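Each chain, written out:
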Amino acid sequence: NEFGTKTIPARPAIRQTVDTYMDEYMEDLADALLSGLDPEQALNRLGEQISSDISQSTRDGQQQTNEKPTMAKKGENTPLVDTETSAKSTGHWVKE
(Lines give C-alpha, C1' and ligand atoms only; values in the text may rest on other atoms or scores of the structure.)
Protein backbone atom coordinates (compact mmCIF):
# COMPACT_ATOMS: atom_id res chain seq x y z
CA ASN A 1 0.00 0.00 0.00
CA GLU A 2 1.76 3.12 -1.23
CA PHE A 3 0.17 5.57 1.22
CA GLY A 4 -1.05 3.37 4.08
CA THR A 5 -4.29 3.51 6.03
CA LYS A 6 -5.26 4.01 9.64
CA THR A 7 -4.18 0.46 10.45
CA ILE A 8 -1.68 -0.36 7.68
CA PRO A 9 1.63 1.55 7.41
CA ALA A 10 2.67 3.13 4.14
CA ARG A 11 5.01 1.00 2.07
CA PRO A 12 5.90 3.34 -0.78
CA ALA A 13 7.68 0.98 -3.19
CA ILE A 14 6.83 3.21 -6.16
CA ARG A 15 8.03 6.48 -4.65
CA GLN A 16 11.16 4.94 -3.12
CA THR A 17 12.16 3.29 -6.37
CA VAL A 18 11.59 6.35 -8.54
CA ASP A 19 13.39 8.58 -6.04
CA THR A 20 16.34 6.20 -5.97
CA TYR A 21 16.72 5.82 -9.74
CA MET A 22 15.35 9.11 -11.15
CA ASP A 23 18.71 10.36 -12.46
CA GLU A 24 19.43 7.00 -14.09
CA TYR A 25 15.94 6.95 -15.65
CA MET A 26 16.42 10.39 -17.17
CA GLU A 27 19.84 9.44 -18.56
CA ASP A 28 18.44 6.22 -20.03
CA LEU A 29 15.55 8.10 -21.64
CA ALA A 30 17.88 10.70 -23.15
CA ASP A 31 20.20 7.95 -24.44
CA ALA A 32 17.27 6.08 -26.00
CA LEU A 33 16.03 9.19 -27.79
CA LEU A 34 19.52 10.13 -28.95
CA SER A 35 20.03 6.61 -30.30
CA GLY A 36 17.10 7.13 -32.66
CA LEU A 37 14.19 5.50 -30.87
CA ASP A 38 10.94 7.35 -31.32
CA PRO A 39 9.44 8.81 -28.12
CA GLU A 40 6.88 6.01 -27.69
CA GLN A 41 9.58 3.31 -27.99
CA ALA A 42 11.85 5.18 -25.58
CA LEU A 43 9.07 5.64 -23.04
CA ASN A 44 8.04 1.98 -23.30
CA ARG A 45 11.63 0.93 -22.66
CA LEU A 46 11.76 3.24 -19.65
CA GLY A 47 8.38 1.96 -18.39
CA GLU A 48 9.62 -1.62 -18.55
CA GLN A 49 12.71 -0.70 -16.53
CA ILE A 50 10.75 1.21 -13.91
CA SER A 51 8.20 -1.62 -13.58
CA SER A 52 11.00 -4.12 -13.14
CA ASP A 53 12.72 -1.96 -10.51
CA ILE A 54 9.46 -1.48 -8.56
CA SER A 55 8.80 -5.23 -8.60
CA GLN A 56 12.32 -5.91 -7.37
CA SER A 57 12.00 -3.29 -4.64
CA THR A 58 8.79 -4.96 -3.49
CA ARG A 59 10.44 -8.39 -3.45
CA ASP A 60 13.50 -7.06 -1.63
CA GLY A 61 11.24 -5.91 1.19
CA GLN A 62 12.79 -2.49 1.60
CA GLN A 63 9.62 -1.35 3.30
CA GLN A 64 8.51 -0.72 6.87
CA THR A 65 8.50 -3.99 8.77
CA ASN A 66 5.36 -5.91 9.62
CA GLU A 67 3.82 -5.72 13.07
CA LYS A 68 4.44 -8.69 15.39
CA PRO A 69 0.94 -10.24 14.90
CA THR A 70 1.42 -10.11 11.12
CA MET A 71 4.87 -11.68 11.39
CA ALA A 72 3.44 -14.45 13.59
CA LYS A 73 0.68 -15.14 11.06
CA LYS A 74 3.03 -15.15 8.05
CA GLY A 75 5.93 -16.79 9.86
CA GLU A 76 8.32 -14.18 8.49
CA ASN A 77 8.81 -10.45 8.09
CA THR A 78 8.43 -9.86 4.37
CA PRO A 79 6.13 -6.88 3.79
CA LEU A 80 4.27 -7.01 0.46
CA VAL A 81 5.63 -10.48 -0.37
CA ASP A 82 2.91 -12.79 0.95
CA THR A 83 1.63 -13.95 -2.45
CA GLU A 84 3.80 -11.73 -4.69
CA THR A 85 0.59 -10.25 -6.10
CA SER A 86 1.95 -6.74 -5.68
CA ALA A 87 5.28 -7.49 -7.34
CA LYS A 88 3.63 -9.38 -10.21
CA SER A 89 1.00 -6.67 -10.77
CA THR A 90 3.44 -3.90 -11.63
CA GLY A 91 3.23 -2.67 -15.21
CA HIS A 92 3.23 0.41 -17.38
CA TRP A 93 1.57 2.01 -20.37
CA VAL A 94 2.39 4.99 -22.56
CA LYS A 95 -0.48 7.36 -23.13
CA GLU A 96 -0.50 10.22 -25.60
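These numbers come from a predicted model, not from an experiment. Here the residue index of a chain counts from 1 through its sequence in written order. Local features in a predicted model are, by the rule used here, given only for residues with pLDDT of at least 70; side-chain atom pairs are given and counted only at 80 or more, and totals for whole chains, interfaces and linings are based on all residues. Excluding hydrogens and water, the side-chain figures rest on all heavy atoms present in the structure.

**Focus: helix H1 (residues 13–34)**
And then number 1: Under the DSSP-based scheme used, a helix requires at least four consecutive residues in state H or I and a strand at least two consecutive residues in state E, with every element numbered from the N terminus. Take the number of residues in a helix, subtract one, and multiply by 1.5 Å to get its expected span. The end-to-end C-alpha distance of H1, which contains 22 residues, comes to 30 Å, matching closely the 32 Å that a straight helix rising 1.5 Å per residue would cover.
And then number 2: Bend, at a single residue, is the angle you get between axes fitted to the 7 residues ending at that residue and the 7 residues starting at it. At Tyr 21, H1 shows its largest kink, close to 65 degrees.
And then number 3: With a 1.4 Å probe rolled over the protein chains alone, any residue whose accessible area is under 20% of its type maximum counts as buried; one over 50% counts as exposed, and the rest are partly exposed. Ala 13, Thr 17, Tyr 25, Leu 29 and Ala 32 are the residues of H1 that are buried.
And then number 4: Taken from the residues just after H1, Gly 36 is the one with a positive phi, measuring 110 degrees.

**A few points about the layout of surface pockets**
And then number 1: Of the volumes computed, that of the second largest pocket is approximately 200 Å³.
And then number 2: Split by residue class, the lining of the second largest pocket holds six nonpolar, five polar and no charged. Cavities and pockets were defined on a 1 Å grid built from protein atoms only: a cavity is a group of points that admits a 1.4 Å probe but offers it no way out, a pocket is an open group of points flanked by protein on both sides within 12 Å along at least five of seven lines, and a lining residue is one with an atom within 4 Å of any such point. Grid points are joined across faces, edges and corners, and a volume is the space filled by probe spheres set on the points. Nonpolar residues are Ala, Val, Leu, Ile, Met, Phe, Trp, Tyr, Cys and Pro. Charged residues are Asp, Glu, Lys and Arg, and all others, Gly as well, are polar.

**Concerning a negative patch on the surface**
And then number 1: Exposure above 30% relative accessible area and no salt bridge define the residues that can form patches, which grow by joining like charges within 9 Å and nonpolar side chains of Val, Leu, Ile, Met, Phe, Trp and Tyr within 5 Å. Exposure was quantified through the Shrake-Rupley algorithm and a 1.4 Å probe, taking into account, for residues, occlusion by the shown protein chains and nothing else. Throughout this description, the term salt bridge denotes a Lys or Arg side-chain nitrogen within 4 Å of a carboxyl oxygen of Asp or Glu. When charges are tallied, Lys and Arg are placed among the positive residues and Asp and Glu among the negative ones, while His and the ends of the chain are skipped. Lysine's charge is taken at NZ, arginine's at CZ, aspartate's at CG and glutamate's at CD. On the surface, a cluster of negative charge is made up of Asp 23, Glu 24, Glu 27, Asp 28 and Asp 31.
And then number 2: Within the secondary structure layout, Glu 24 lies in helix H1.
And then number 3: Assessed through its relative accessible area of 39%, Glu 24 is described here as partly exposed.

**What to know about the confidence of the model for the protein chain**
And then number 1: Here the protein chain averages 80 in pLDDT, while 68% of its residues score no lower than 70.
And then number 2: A residue's pLDDT is the predictor's confidence in that residue, given on a scale from 0 to 100. The element-level mean pLDDT for the protein chain is lowest in helix H4 (residues 85–88), coming to 60, with H1 highest at 93.

**Description of the environment of Ile 50**
And then number 1: For Ile 50, the location among the structural elements is in helix H2 (residues 39–60).
And then number 2: As for Ile 50 and Tyr 21, which are separated by 29 residues in sequence, their C-alpha atoms are 8.6 Å apart.
And then number 3: Only heavy atoms matter for contacts: two residues are in contact if any of them lie within 4.5 Å across the pair. With residues up to four places along the chain from it excluded, the contact list for Ile 50 reads Val 18 and Tyr 25.

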